[in-house]
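Results of the structural survey
Residue-level listing of the chains:
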Amino acid sequence: MDETLTCVCCGAEVHRDEVCFVGDQPLCRDCADEETFVCDNCGFRHWDSDNQGDDRYDLCPSCREEYFVACSECGRLIPNSEAWYDGDDDETPPYCESCYREKVGDALHPYSYKPSPVFYGGGPLYLGVELEVDGAGQSASHARTVLNVINRQKEYAYMKTDGSLDDGLELVTHPCTLEEHRTKVPWADTVASFREMHYNSHNAGTCGLHVHVNRDALGEHSAAQDETISKILYLFERFWQEILRFSRRTESQMNHWAARYGYKNSAKEILEHAKYDSGNGRYACVNLTNHDTIEFRAFRGTLKLNTLIATLQFVDRICRVALALSESEIKDLSWPEFVLRLTDESTPELIRYLKERRLYINEPVTAEWEV
């Protein structure tokens, strides 16, 4: 075997042990250093003209195509295993970690995220909204789009993931008074932005509209709060069929996500059952497992502005009715009388919604279900 080979660049004769190869082409070491590179991924030598890397990586064309992507924001090359994506869609652009965190990563939090609440409005009763949407991606950039709308004047809300959703998001507001929600939180533009990105809520079948109420608005001490809560539960049981229609949920959906506690002879008995014997946990029509709030979970999700505001008005007013009336007075209420206590000229959205659901004053509750 010939012990020397001729360098294809300079023509020098090179001992076989000193030769560098690009494919099957021999080069002396000096020419190899000047004309070629070693791919950082595969370890083979290639011509400099074929280098498709950047200032961090030297890459041959095949390794660049198969194992690396370019950050869609800054352009730097990233190994596939280190790329960040905003969602699971194959068309979602890749990011390096720093660009992802700067551009979209702070917009979408895990389900366990719970910041310190910020209260908006004069109180004393505050409503915290959890609006679930589905069907258009668990996307941080979508979350950022919505947050830019709802938080354009004040930081009213944040966004979370939720395992109960197929491919969606959960918008959570800080506690706001009903008046703040009606007149200052930009709900119209917020629900419109969800619709523009093709999210569903009512039609998704997976989504709820949950409303938290601060316990300290329901009484000066825990015993007074429990008394008010017992009357809220009593109202739910007394008018269950009407509230079921109001909720827009089916009976099976309600049983799964927001089960009733069941009618008892007194409000106190319902509360005791709810606390200790129901087995519903947090999946109850009125969830009592939170220390600082009670959570109304009965309502189906919605991206319809009037329905959303009407739901908040309903929750606000049912709490106020429970505060104002004794248990015996609640027992004597008919549905039309209850509706009159829920509505006045300040609740046009609630009146319109009750009429849509055939629940206003003398409209009878019929057996068929209306979606």
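What comes next is a walk through the structure. (Residues numbered from 1 in each chain as written. Predicted model: local features only at pLDDT ≥ 70, side-chain atom pairs only at ≥ 80, totals over all residues. Heavy atoms only, no water.)

1. A short note on the packing of aromatic side chains
For the structure on display, the rule yields 15 aromatic pairs. An aromatic cluster is present here, built from Phe-246, Phe-299, Phe-314 and Tyr-353 joined pairwise through their rings. Between Lys-160 and the ring centre of Tyr-111, over which it is positioned, the NZ or CZ distance is 4.8 Å. One Lys or Arg, Arg-282, reaches over the ring of Tyr-283 and ends 5.0 Å from the middle of that ring. (Phe/Tyr/Trp six-rings, centres within 6.5 Å; stacked < 30°, edge-to-face > 60°. Lys NZ or Arg CZ within 6 Å of the ring centre and 35° of its normal.)

2. Considerations on a negative patch on the surface
Residues Asp-30, Asp-33, Glu-34, Glu-35, Asp-40, Asp-48 and Asp-58 make up a contiguous surface patch of negative charge. With respect to the helices and strands, Glu-34 occurs in helix H1 (residues 29–35). (Patch = residues over 30% accessible without salt bridge, like charges linked within 9 Å, V, L, I, M, F, W, Y side chains within 5 Å. Areas by Shrake-Rupley, 256 points an atom, 1.4 Å probe, with all protein chains shown as cover. Salt bridge = Lys/Arg side-chain N within 4 Å of Asp/Glu carboxyl O. Lys, Arg positive; Asp, Glu negative; His and termini not counted. Charge placed at Lys NZ, Arg CZ, Asp CG, Glu CD. Helix = DSSP H or I, 4+ residues; strand = E, 2+ residues; numbered from the N terminus.)

3. What about the pairing of strand E17 (residues 293–300)?
Counting buried positions over the eight residues of E17 gives eight, a clear majority of the element. Sheet analysis places strand E16 (residues 286–287) next to E17, joined by two bridges and oriented antiparallel. Following the sheet pairing, Asn-287 is matched in E17 by Glu-295. Taking the residues between adjacent antiparallel strands as the criterion, E16 and E17 are bridged by five residues. (Buried < 20%, exposed > 50% of the residue type's maximum accessible area, 1.4 Å probe, protein only. Pairing = 2+ DSSP bridges.)

4. Structural notes on the nonpolar core
Ranked by size, the top nonpolar core spans 89 residues in total, and within it Leu-131, Trp-187, Phe-194, Phe-236, Phe-296 and Phe-338 carry the most contacts. The element that contributes the greatest number of residues to this core is helix H11 (residues 305–324), accounting for 10 residues. Beyond its immediate stretch of four places on either side in the chain, Phe-194 contacts Leu-131, Val-133, Val-146, Met-159, Leu-169, Leu-171, Tyr-199 and Leu-303. Grouped together as the second largest cluster of nonpolar side chains are 10 residues, Cys-7, Val-22, Leu-27 and Cys-28 included. (Core = buried A, V, L, I, M, F, W, Y, C linked by side-chain atoms within 4.5 Å. Contact = heavy atoms within 4.5 Å.)

5. Some thoughts on the packing of H11 against helix H13 (residues 335–342)
It is at 9 Å that the axes of H11 and H13 come closest, and there the two elements cross at 105 degrees. Viewed along their axes, H11 and H13 adopt a mutual orientation that is roughly perpendicular. On H13, the residues that touch Phe-314, Arg-317, Ile-318 and Val-321 of H11 are Phe-338, Arg-341 and Leu-342. Looking at side-chain class alone, the contact of H11 with H13 contains five nonpolar, no polar and two charged residues. (Axes fitted to C-alpha atoms, helices over the stretch in contact; angles between N-to-C directions. Parallel < 35°, antiparallel > 145°, perpendicular 65-115°, else oblique. Nonpolar A, V, L, I, M, F, W, Y, C, P; charged D, E, K, R; others polar.)

6. Here we look at the environment of Asp-55
On the secondary structure map, Asp-55 appears in the loop between strand E6 (45–47) and helix H2 (61–67). Take Asp-55: its relative accessible area is 76%, and that puts it in the exposed class. Remark: the alpha-carbon pair of Asp-55 and Arg-76, spanning 21 residues in sequence, is separated by 8.7 Å.

7. Observations regarding helix H7 (residues 222–238)
Helix length check: H7, at 17 residues, gives a terminal C-alpha distance of 24 Å against a target of 24 Å (1.5 Å per residue), a fit within 8%. The element H7 is largely enclosed, with a buried count of 12 among its 17 residues. The complete set of buried residues in H7 reads Ala-224, Gln-225, Thr-228, Ile-229, Ser-230, Lys-231, Ile-232, Leu-233, Tyr-234, Leu-235, Phe-236 and Glu-237. (Expected span 1.5 Å × (residues − 1).)

8. With respect to the side chain of Thr-343
Within the secondary structure, Thr-343 is located in the loop between H13 and helix H14 (348–356). Reaching out from Thr-343, the side chain makes a polar contact with the backbone oxygen of Val-339 at a distance of 2.8 Å. Beyond its immediate stretch of four places on either side in the chain, Thr-343 contacts Arg-317, Leu-350, Ile-351, Leu-354 and Tyr-360. (Polar contact = N/O pair within 3.5 Å; in protein donor to acceptor, adjacent residues only side chain to side chain.)

9. Brief notes about the sheet that holds strand E15 (residues 208–214)
Strand pairing in a sheet relies on backbone hydrogen bonds. The paired strands run either parallel or antiparallel. Taken in spatial order, the seven strands of this open sheet run E11-E13-E14-E12-E15-E17-E16, and their pairing is mixed. What marks the edges here is a single partner per strand, and that holds for strand E11 (108–109) and E16. For strand E12 (residues 127–133) and E15, the ladder comprises five bridges, and the chain directions are antiparallel. Across the sheet, the residue bridging to Leu-127 is Val-213, located in E15. Across the face of the sheet, helix H4 (residues 140–150) comes into contact with E11, strand E13 (157–160) and strand E14 (169–173) while running at roughly 165 degrees to E13.

10. Concerning the state of the cysteines
A complete count under the given rule lists zero disulfides for this structure. Here Cys-319 is not cross-linked by a disulfide; its sulfur's nearest cysteine counterpart is in Cys-285, at 13 Å. (Disulfide = S-S within 2.5 Å.)

11. Here we look at the pattern of salt bridges
Inspection of every chain in the model, using the stated rule, returns 12 salt bridges. Here Arg-182 and Glu-349 are joined by a salt bridge, their closest N and O atoms 3.0 Å apart. Taken together, the residues span a long stretch of sequence, with Arg-182 in helix H5 (residues 178–183) and Glu-349 in helix H14 at a distance of 167 residues. The class of Glu-349 is buried, set by a relative accessible area of 17%. A salt bridge links Arg-317 to Asp-344; the nearest nitrogen and oxygen atoms lie 3.1 Å apart.

Any functional reading would require information beyond the geometric quantities listed.
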